[in-house]
Amino acid sequence: QVQLVESGGGLVQAGGSLRLSCAASGRTFSTNGMGWFRQAPGKEREFVGAISWNGAYTDYGDSVKGRFTISRDNAKNTVYLQMNSLKPEDTAVYYCAADSTRLRIGIVRAAFDIWGQGTQVTVSS
């Protein structure tokens, strides 16, 4: 069974940092693009960032550029989201996702179709 399991969420003060992890199991995702999305209460799901299967490409949503960094360790089948300079508006459930197309060149935001259960991030002011 393919699973994506997020961890690392929690409560942090504004200006602080968190690092989210997404561990994949069931099969390797070393040939798949991986991404992070978030959804705040009452709002639509928002693209946060993504990384191509080999790390050659990254893409970030405008609201997190310069503050968040996505990385991956294919040997560990894990992708990370380093979040710095957190703001209260970053509060949301953060979801890890995988692009089921293997060896895609580049990143297609709409292509992510395998999802984790999410982890809550709360930033207090």
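Within each chain, residue numbers correspond to sequence positions counted from 1 in written order. Side-chain atom pairs in this predicted model are given and counted only at pLDDT of 80 or more, local residue features only at pLDDT of at least 70, and totals for whole chains, interfaces and linings cover all residues. As a convention, hydrogens and water are excluded, and side-chain values are obtained from all of the structure's heavy atoms.

> Which residues make up the nonpolar core, and what are the values?
By nonpolar core we mean a set of buried residues, namely Ala, Val, Leu, Ile, Met, Phe, Trp, Tyr and Cys, connected to one another through side-chain atoms within 4.5 Å. Partly exposed residues are those whose accessible area sits between 20% and 50% of the maximum for their type, while under 20% is buried and over 50% is exposed, using a 1.4 Å probe and protein chains only. Of all hydrophobic cores here, the largest spans 27 residues; its most connected members are Leu4, Met34, Trp36, Leu81, Met83 and Tyr94. Those elements giving two or more residues to this core turn out to be β3 (18-25), β4 (32-39), β5 (46-51), β7 (68-73), β8 (78-83), β9 (92-102) and β11 (119-124). The criterion used for residue contact is that any of the two residues' heavy atoms lie within 4.5 Å. In this structure, Tyr94 is in contact with Glu6, Leu20, Trp36, Phe37, Arg38, Val48, Phe68, Leu81, Met83, Gly118, Thr119 and Val121, ignoring residues within four places of it in sequence. One finds Phe37, Phe47, Ala50 and Phe112 within the second-largest nonpolar core, a separate group that totals five residues. A run of DSSP states H or I qualifies as a helix once it reaches four residues; a run of E qualifies as a strand once it reaches two. Both are numbered from the N-terminal end.

> Any chance you could break down the pattern of salt bridges for me, citing the residues and the numbers?
We define a salt bridge as a side-chain nitrogen of Lys or Arg found within 4 Å of a carboxyl oxygen belonging to Asp or Glu. Per the stated rule, a full pass over the model turns up six salt bridges. A salt bridge links Asp59 to Arg109; the shortest N-O distance between them is 2.7 Å. Note that Asp59 is positioned in strand β6 (residues 58-60) and Arg109 in the loop between β9 and β10 (112-115), a separation of 50 residues in sequence. Among the salt bridges present, the one from Asp90 reaches Arg67, with a minimum N-O distance of 2.8 Å. Of the two residues, Asp90 is situated in the loop between β8 and β9 and Arg67 in the loop between β6 and β7; the sequence distance between them amounts to 23 residues. The exposure classification of Asp90 matches that of Arg67, with both residues buried. Here the residues in one salt-bridge network are Arg38, Glu46, Arg67 and Asp90, joined through shared partners.

> Help me get a handle on unusual backbone geometry, residues and values and all.
Even without glycine at this site, Ser85 takes up a positive phi of about 50 degrees. Position of Ser85 among the secondary structure elements: in the loop between β8 and β9. On the accessibility criterion, Ser85 (42% relative accessible area) is partly exposed.

> Would you mind going over the sheet that holds strand β1 (residues 3-7) in detail, with residue names and values included?
Taking strand neighbours across the sheet as the criterion, the four strands line up as β1-β3-β8-β7 in an open arrangement whose pairing is antiparallel. At either margin of the open sheet sits one strand with a lone partner, and together these are β1 and β7. Neighbouring strand axes in the sheet, compared pairwise and without regard to direction, differ in orientation by 15 degrees on average. Each pair of strands is called paired provided DSSP finds at least two bridges between the two strands. Looking at chain direction, β3 and β8 are connected through six bridges and run antiparallel. Paired with Ala23 across the bridge in β8 is Thr78. Between N-to-C directions, angles span 0 to 180 degrees; the directions come from axes that are lines fitted to C-alpha atoms, helices contributing only their stretch in contact.

> Describe in detail the state of the cysteines, supporting the description with residues and values.
We call a pair of cysteine sulfur atoms a disulfide when they lie within 2.5 Å. Per the stated rule, a full pass over the model turns up one disulfide. Each disulfide pairs two cysteine sulfurs, and for Cys22 the partner residue is Cys96, the sulfurs being separated by 2.0 Å. Its S-S torsion of approximately -80 degrees makes the covalent link between Cys22 and Cys96 left-handed. Linking Cys22 in strand β3 with Cys96 in strand β9, this pair joins segments that are 74 residues apart in sequence. Taken as a pair, Cys22 and Cys96 share a single burial class, namely buried.

Function-wise, these values are silent; they only describe arrangement.
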